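Descriptive structure summary
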Amino acid sequence: MMPLMTVPAAVIVDAAAYAQAVEDAVSAAAAYYTGGSSHLDDDAYDRLVRGIAAWEAEHPDGIRPDSPTGKVAGGAVEGDVPHTVPMLSLDNVFSSEEFTAWTASLARRTGRDVTRFGVGPKLDGLAVAARYRDGRLTRLITRGDGTAGEDVSHAIGTVQGLPESLAEPVTVEVRGEVLMTTAQFEHANEVRTAHGGQPFANPRNAAAGTLRAKERSYTVPMTFFGYGLLPLPDTDAALAADLTELAHSDLMSMAAGLGVHTSARTAVPDVVVETPEQVVARVQEIAAVRAELPFGIDGVVVKADLAADQRAAGSGSRAPRWAVAYKLPAVEKITRLLEVEWNVGRTGIIAPRAVLEPVVIDGSTITYATLHNPADITRRGLRLGDHVMVHRAGDVIPRIEAPVAHLRTGDEQPIAFPERCPRCGSGIDTSEERWRCAQGRNCHLVASLAYAAGRDQLDIEGLGATRVVQLVESGLVADLADLFALRREQLLSLERMGETSTDNLLAAIAKAKEQPLSRVLCALGVRGTGRSMSRRIARHFATMENIRAADADAMQRVEGIGSEKAPSIVAEIAELAPLIDRLAAAGVNMTEPGATPPPAADAVPDADGTSAGPAADGPLAGMTVVVTGAMTGILEKLTRNQMNELIERAGGRSSSSVSKKTTLVVAGEGAGSKRAKAEQLGIRLSTPDEFATLVAGLVG
Ligand code: IVH
């Protein structure tokens, strides 16, 4: 089994370095628990504390009283509301070897092998205790130093999943984590920057700052996940006895029954397993779906599930001995923003990209990160030379979360926005958040034509980027329609174009005229519409004529097109009218085979804003299908786009992510996290061959 990660300790050479390390760690911990901005990312903090612990093991007489080791919250925070039972921290393990060693020490303490382990996500927020009296939420307290916390009852009402009254009038304390989901974090930063504040560096920091903030002119929602349920001094004796005797998993079912949000309804519910091997397998499963979770986790918590085992193992002053945090690799690191590049895409969008001082996150060296648009840069208050928190999870393109404002030296420089198109020097259309060259898709004509000719669009064989450059530079082609007007002798006049390649290219161009409307539409490169959106539009309207006749209301009836996108798509189709006319005149197909146009105005959208459209038939009718891994057999040559087209031809919906709504996952060789998620959600899986049988007759 591969270790998931190992965190090397920082090397401390002498007492002075040790003193400095303690000071750094305490100030980072204070920022971590109070929502301030820290100069250390989690990985760097863990390394520093390990280094401090290593030095202290060698120099037991030199341990400083303010050392973070052995203390809850690194000893950096205090509180004034006493906890009835200490709120402890957790020890960490970083690899399966360290985990095995932990289970051995657990067995030594309990005097027997533990055979019931609870395994669940380690939620990346902050711990709170919620006191309920007779079923009503009366007080919310942070963990503080573990013995006493801070009263944050003012936040009651802003934390989803922590109901103000329970399903039964019981007196209990619910413990758990308050965090911001990714969506809540983005919302919080929008609201905060709109009020002139600095954006929070990450969701955890945002939750900590928001929970403690007393006098803000706005409130932003957060989410609670319960992971503990215990009696209070005046809890009814019978209930108190239950709460001390029940297994952790039963307590969590009880909490959920009372109306408290737990991990149960997420893609990573807490489960009970019997062996350390099963624990490690579950850790790998959770790690595999981590990038797709709508909230942050920084590890997996493993607990002895039975109350008797917990009692036998006992607790230390900082952490229980019956639970441990199996840390997952950090997904965030701090690095520096060196430069911002402005690249023009195939539709003429001028997109900024951050050039970073290279940083290794979860095994990959990251040098670039997306910066969505100029407004986004302004909102985040980024400057060149800033230290920035960079986030990278799974295969998603890395992004900058926020500048680490207090690491500024004063030498940071403003980011210059281009005044002319960096590619062709034309003016810039800044009317939308995403800036665009005034020449639109003609600015980067080579990219736009190469995309149109690509395999998933018009699929014109022999028309790669080099040939496109040649056609554009020779002046033969100035837009997509010109391709269809090319004559034999024109092509023959080009360098490296013999008779055979000319005839092949002309035949490929002629064949492209028969592509379905969805591909023609995609080839046009309407902003905000990729392959799957183009298919949905084409299937919905059936003909180009219907698409062109659609106003924003009609466009919104297409699944996935909201009130913001609809008008811009309509405007862009209108802008493309002359080009579309010329394509149609050249004989390019403008209909979608098998699609029926929507009934005129009476197609009322459903409550969720989508319209059901004509009931699809076919072997996959009513099914939502996700394809993952490499296809084999007769599906081997199909691109992912062609697989999705096939699914839709068979009456199904294609999707790229697995959720509760998914009905079938076609998992080929090398399928990873999507397959794991499907297994976990109990979604039907099929091999490429089984799937081919299901859609027999429609392939090809
Ligand atoms: S159980 C006695 N379960 O991680 C402590 N803690 O680094 C038992 N945390 O203080 C805690 N997710 O704030 C538990 N599923 C989970 C958790 C979890 C996050 C936090 C908690 C704890 C910290 C330790």
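Relevant structure appears above.
Let me sum up the structure you'll find in this document.

Definitions and cut-offs
Residues numbered from 1 in each chain as written. Predicted model: local features only at pLDDT ≥ 70, side-chain atom pairs only at ≥ 80, totals over all residues. Heavy atoms only, no water. Near = heavy atom within 4 Å. Polar contact = N/O pair within 3.5 Å; in protein donor to acceptor, adjacent residues only side chain to side chain. Areas by Shrake-Rupley, 256 points an atom, 1.4 Å probe, with all protein chains shown as cover. Helix = DSSP H or I, 4+ residues; strand = E, 2+ residues; numbered from the N terminus. Disulfide = S-S within 2.5 Å. Buried < 20%, exposed > 50% of the residue type's maximum accessible area, 1.4 Å probe, protein only. Pairing = 2+ DSSP bridges. Contact = heavy atoms within 4.5 Å. Axes fitted to C-alpha atoms, helices over the stretch in contact; angles between N-to-C directions. Core = buried A, V, L, I, M, F, W, Y, C linked by side-chain atoms within 4.5 Å. Salt bridge = Lys/Arg side-chain N within 4 Å of Asp/Glu carboxyl O. Phe/Tyr/Trp six-rings, centres within 6.5 Å; stacked < 30°, edge-to-face > 60°. Lys NZ or Arg CZ within 6 Å of the ring centre and 35° of its normal.

1. Some details on the site of the ligand
Neighbouring residues of the ligand: Leu88, Leu90, Pro121, Lys122, Leu123, Ala127, Arg143, Glu177, Tyr227, Val301, Lys303 and Pro320. In the model, a nitrogen atom of the ligand is placed 3.0 Å from a nitrogen or oxygen of the lysine 303 side chain. Burial of the ligand by the surrounding chains reaches 88%, relative to a free accessible area of 520 Å². Secondary-structure elements contributing two or more residues to the shell around the ligand are β3 (117-123) and β11 (297-304). A total of three residues in the shell around the ligand trace back to one element, the largest contributor, which is β3.

2. Looking at the state of the cysteines
The tally for this structure, following the rule as stated, stands at zero disulfides. Distance from the sulfur of cysteine 424, which forms no disulfide, to the nearest cysteine sulfur (cysteine 437) is 3.5 Å. Its relative accessible area of 37% is what places cysteine 424 among the partly exposed residues.

3. Describing the pairing of strand β8 (residues 172-179)
For β8, a buried count of eight out of eight residues is recorded, marking the element as mostly surrounded by other parts of the structure. Pairing of strand β4 (residues 126-133) with β8 involves seven bridges; the strand directions are antiparallel. Counted as the bridge partner of valine 128 is glycine 176 from β8. Summarising the sheet, β8 and strand β9 (residues 222-231) pair through eight bridges and their orientation is antiparallel. Along β9, the bridge assignment pairs valine 178 with phenylalanine 224.

4. Overview of the environment of asparagine 644
Locating asparagine 644 in the fold gives a position in helix α22 (residues 640-649). A relative accessible area of 15% means that asparagine 644 is categorised as buried. Along the backbone, asparagine 644 and glycine 498 are 146 residues apart, and their C-alpha atoms lie at a distance of 37 Å. Sequence-distant contacts of asparagine 644, defined by excluding residues within four places in its chain, comprise Arg535, Val627 and Ser654.

5. Brief notes about the sheet that holds β11
Strands in a sheet are paired, the pairing made by backbone hydrogen bonds, and the direction either parallel or antiparallel. An order of β2-β12-β11-β3-β10 is seen for the five strands of this open sheet, with the pairing classed as mixed. The open sheet has two free edges, formed respectively by β2 (92-93) and β10 (271-273), since each of these has just one partner strand. Of the pairings in the sheet, the one linking β2 to strand β12 (residues 323-327) comprises two bridges and is parallel in character. Across the sheet, residue asparagine 92 finds its bridge partner in β12, namely alanine 325. The sheet contacts of helix α3 (residues 96-110) involve β2, β3, β11 and β12, and relative to β12 the element is tilted by about 175°.

6. Some remarks on the nonpolar core
Grouped together as the largest cluster of nonpolar side chains are 48 residues, with contacts concentrated most on Ile460, Leu480, Leu483, Leu524, Ile547 and Leu583. Counting residues per element, this core draws most heavily on helix α16 (residues 517-524), at five residues. Excluding its chain neighbours within four sequence positions, the residues that come into contact with leucine 480 are Leu449, Ala452, Leu458, Ala523, Leu524, Leu579 and Leu583. Of all hydrophobic cores here, the second largest spans 36 residues; its members include Phe200, Ala206, Tyr218 and Val220.

7. Overview of the pattern of salt bridges
Where charged atoms from two side chains of opposite charge come close, those side chains can pair. For the structure on display, the rule yields 38 salt bridges. Across the pair lysine 327 and aspartate 46 runs a salt bridge whose closest N-O atoms are separated by 3.3 Å. With lysine 327 in strand β12 and aspartate 46 in helix α2 (residues 42-58), the pair connects residues that are 281 residues apart, well separated along the chain. According to the relative accessible area criterion, aspartate 46 is buried, its value standing at 13%. Glutamate 559 is paired through a salt bridge with arginine 653; the nearest N and O atoms lie 2.7 Å apart. Remark: arginine 653 occurs in strand β23 (residues 653-655) and glutamate 559 occurs in the loop between α19 (552-556) and α20 (565-575); sequence separation between them is 94 residues. Residue classification places glutamate 559 among the partly exposed positions, given a relative accessible area of 28%. The network of salt bridges with shared partners includes Arg436, Arg441, Arg527, Glu572 and Glu575.

8. Quick look at the packing of aromatic side chains
With the rule as written, the count across this model stands at six aromatic pairs. With centroids separated by 5.8 Å and ring planes inclined at 35°, the aromatic side chains of phenylalanine 99 and tyrosine 326 adopt a geometry described as tilted. Of this pair, phenylalanine 99 sits in helix α3 while tyrosine 326 is found in strand β12, placing the two residues 227 residues apart along the sequence. There is no split in this pair, since phenylalanine 99 and tyrosine 326 are both buried. Through pairs of rings, three or more aromatic residues link up here, namely Phe99, Trp102 and Tyr326. A cation over a ring is seen here: arginine 346 above tyrosine 451, with NZ or CZ 3.4 Å from the ring centre.

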